[in-house]
Number of protein chains: 2
Amino acid sequence: MKDTQEKKKIPQMTITRLAQYLNCLSLLPKEHYIEISSKELAAKIELKPTQIRQDFHHFGGFGQAGYRYKVKDLIAGLERILGLDRQQNMIVIGVGHLGQALANYRNFEKLGLRLVGLFDLNPRLIGITIRDVRVRDIDEIPQIVYQEDVSMGIIATPAEAAQKTADLLISAGIKGIWNFSPVMVTGPQDIIIQNEHLSVGLMTLSYRLKQAKKPVLIPEH
Amino acid sequence: MKDTQEKKKIPQMTITRLAQYLNCLSLLPKEHYIEISSKELAAKIELKPTQIRQDFHHFGGFGQAGYRYKVKDLIAGLERILGLDRQQNMIVIGVGHLGQALANYRNFEKLGLRLVGLFDLNPRLIGITIRDVRVRDIDEIPQIVYQEDVSMGIIATPAEAAQKTADLLISAGIKGIWNFSPVMVTGPQDIIIQNEHLSVGLMTLSYRLKQAKKPVLIPEH
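Residues numbered from 1 in each chain as written. Chains lettered and ligands numbered in written order. Predicted model: local features only at pLDDT ≥ 70, side-chain atom pairs only at ≥ 80, totals over all residues.

1. Things to note about the pairing of strand S3 (residues 88–93) of chain B
Residue and element names in this part refer to chain B. With five of six residues buried, S3 is to be regarded as a mostly interior element. As paired strands, S3 and strand S4 (residues 113–120) are joined by six bridges and run parallel to one another. Residue pairing across strands places Asn89 opposite Arg114, the latter belonging to S4. (Buried ≥ 20, exposed ≤ 12 C-beta atoms within 10 Å, placed from the backbone. Helix = DSSP H or I, 4+ residues; strand = E, 2+ residues; numbered from the N terminus. Pairing = 2+ DSSP bridges.)

Written out as structure tokens, the structure reads:
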């Protein structure tokens with residue numbers, strides 16, 4: 001995987017697939033998978049091998065059927081493309097169940113993402129500690145963002161507080177927002193906002209269940 | 001949107017986009033959006049209008065640039081395609097922070113998905129009630145699945161319990177599994193398993209942030 005083609009903007013759907021590949025590869029037991037073919041990887045994430053080879057080709061990767069990729073090289077290449085080859089600091093706003101679940105999600109650390117702040121409005125939550133991070137009042141967001149060079153803010157507030165929280169993060173200088181509230185939030189064009197809607201996953205499952213019930217199925221691969 | 005073409009298996013990525021369209025449309029304030037163009041919808045979810053028109057065309061939708069779709073018809077059509085036009089019952093296994101967050105997620109109900117059971121191993125959680133649903137011992141899963149005709153099981157357990165939980169759900173007769181644990185779970189081919197990896201969203205955000213920092217950007221639309 002070369003760097004030469006990485007300046008091109010890659011379509012969102014390709015990036016999602018690259019992230020899926022990296023996620024899948026990073027979950028493989030290392031002792032069993034030194035190398036992997038596009039066919040083996042395809043079977044694990046229910047995509048076509050041709051799709052995978054085509055995606056790898058975007059980055060100057062090898063595109064031959066039957067080729068066995070070195071897992072270590074694939075992981076390193078994907079991490080570099082996705083900007084995960086450096087540490088990034090993040091904060092979570094809203095320390096309800098979802099916020100606490102996200103704060104406790106160990107896989108983020110493996111991706112070089114360090115939780116440096118937790119924030120809430122609720123005085124009963126302010127002061128408690130989750131994984132060595134103390135919950136602070138949202139008034140302290142600008143100070144922590146500055147001190148800790150925070151690049152990502154995760155919104156786990158109720159719907160009605162989501163946009164206000166996004167505005168606060170943006171004015172504190174945060175460039176990337178991952179919004180888990182069930183409404184969409186917006187911001188200026190130079191701010192990267194990713195609205196994560198859990199419903200989308202449930203809709204996809206619903207579709208697949210509906211298809212599975214049909215008597216005739218045309219297999220995808 | 002006609003039913004004629006719905007028997008074809010639609011690629012996974014198209015389904016994800018259809019779910020995103022439906023999610024976006026269902027969040028629009030009804031009084032402002034009686035109709036919507038592919039361009040307006042595209043701006044909201046950062047896709048190309050041509051992509052949207054092409055996806056709608058899959059289902060016999062109108063494909064002309066500038067055409068204004070009736071939001072109500074689009075929603076009804078997408079719901080039918082995704083199998084959301086009927087009630088489905090679901091259960092959540094693992095009532096930690098993530099399980100409680102999912103149990104409290106109101107948007108699922110809007111999609112016709114009714115929470116009919118919560119299960120955990122922890123005796124301290126068994127017996128408590130969340131949104132009128134009592135937390136039960138996992139031993140009671142087969143009985144509830146049968147009584148309530150449960151079609152979906154959501155796994156919100158720690159990693160080490162995930163596969164065991166999937167096996168239990170499958171033996172209880174569940175056909176659709178939505179796995180939120182940070183490992184992949186597997187099952188027989190007739191079981192629909194969707195592994196939901198929160199890391200994938202974070203990787204995508206990381207990529208977009210990295211791209212945004214580059215001096216030269218080629219706009220996608």
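So that's the structure; there's more coming.
2. A short note on the environment of Ala172 of chain A
All names here are of chain A. Residue position: Ala172 is located in the loop between helix H8 (159–171) and strand S8 (176–179). Accessibility expressed as a C-beta count within 10 Å gives 18 for Ala172, which makes it partly exposed. Spatially, the C-alpha atom of Ala172 lies 14 Å from that of Val92, the residues being 80 residues apart in sequence. With sequence-adjacent residues up to four places away left out, Ala172 is seen in contact with Ile141, Pro142 and Val145. (Contact = placed C-beta atoms within 7 Å.)

3. A short note on the nonpolar core
Counting residues in hydrophobic clusters, the biggest one holds 111 residues, and the most contacted among them are Ile154 of chain A together with Ile154 of chain B. Residues within four places of Ile154 of chain B in sequence aside, it is in contact with Met90, Val92, Ile93, Leu102, Trp178 and Phe180 of chain B. (Core = buried A, V, L, I, M, F, W, Y, C linked by C-beta atoms within 7 Å.)

4. Some thoughts on the sheet that holds strand S6 (residues 133–137) of chain A
The sheet built from seven strands is open, its strands ordered S5-S6-S4-S3-S7-S8-S9 (chain A) with mixed pairing. Strands with a single pairing partner mark the edges of an open sheet, and in this sheet they are strand S5 (129–130) and strand S9 (192–195) of chain A. Where strand S4 (residues 113–120) of chain A and S6 of chain A come together, three bridges link them in parallel fashion. Considered in S6 of chain A, the bridge of Leu118 of chain A is made with Val135 of chain A. Helix H9 (residues 198–213) of chain B contacts strand S3 (88–93), S4, strand S7 (150–155), S8 and S9 of chain A of the sheet and is inclined by roughly 165 degrees relative to S9 of chain A. (Axes fitted to C-alpha atoms, helices over the stretch in contact; angles between N-to-C directions.)

5. Remarks on the relation of the copies chain A and chain B
Least-squares fitting of chain A to chain B yields an RMSD of 0.0 Å, with the transformation described by 0.0 Å of translation along the axis and a rotation of 180 degrees. In short, the pair behaves as if placed about a two-fold rotation axis. Every residue of chain A has its C-alpha some distance from the rotation axis, and the shortest such distance is that of His97 of chain A, at 2.3 Å. Most of the interface of chain A is mirrored in chain B, where 98% of its interface residues again form contacts. (Least-squares fit on C-alpha atoms with pLDDT ≥ 70 in both.)

6. Concerning the confidence of the model for chain A
Residues and elements named next belong to chain A. Mean pLDDT over chain A stands at 87; residues scoring 70 or higher make up 90%. In the predicted structure, residues 1–6 sits below a pLDDT of 50 and forms twelve contacts with residues beyond four places in sequence or in another chain. Reported confidences for the modelled complex are a pTM of 0.84 and an ipTM of 0.84. (pLDDT = per-residue confidence, 0-100.)

7. Description of the interface of chain A and chain B
The partner chain B presents 63 residues to the 64 residues of chain A that form the contact. Every element with two or more residues in the side of chain A that touches chain B is listed here: helix H1 (12–27), helix H5 (97–103), helix H6 (107–110), S7, S8, S9 and helix H9 (198–212) of chain A. Among the elements that make up the side of chain A that touches chain B, the one with the highest residue count is H9 of chain A (15 residues).

8. A few points about unusual backbone geometry
Residue and element names in this part refer to chain B. Despite not being glycine, Arg131 has its phi angle at roughly 50 degrees, a positive value. With respect to the secondary-structure elements, Arg131 resides in the loop between strand S5 (129–130) and strand S6 (133–137). Under the C-beta neighbour-count criterion, Arg131 is labelled exposed, with 12 such atoms within 10 Å. With a phi close to 50 degrees, Asp149 is a non-glycine residue in the positive phi region. By the element assignment, Asp149 lies in the loop between helix H7 (141–148) and strand S7 (150–155). The class of Asp149 is exposed, set by 12 C-beta atoms lying within 10 Å.

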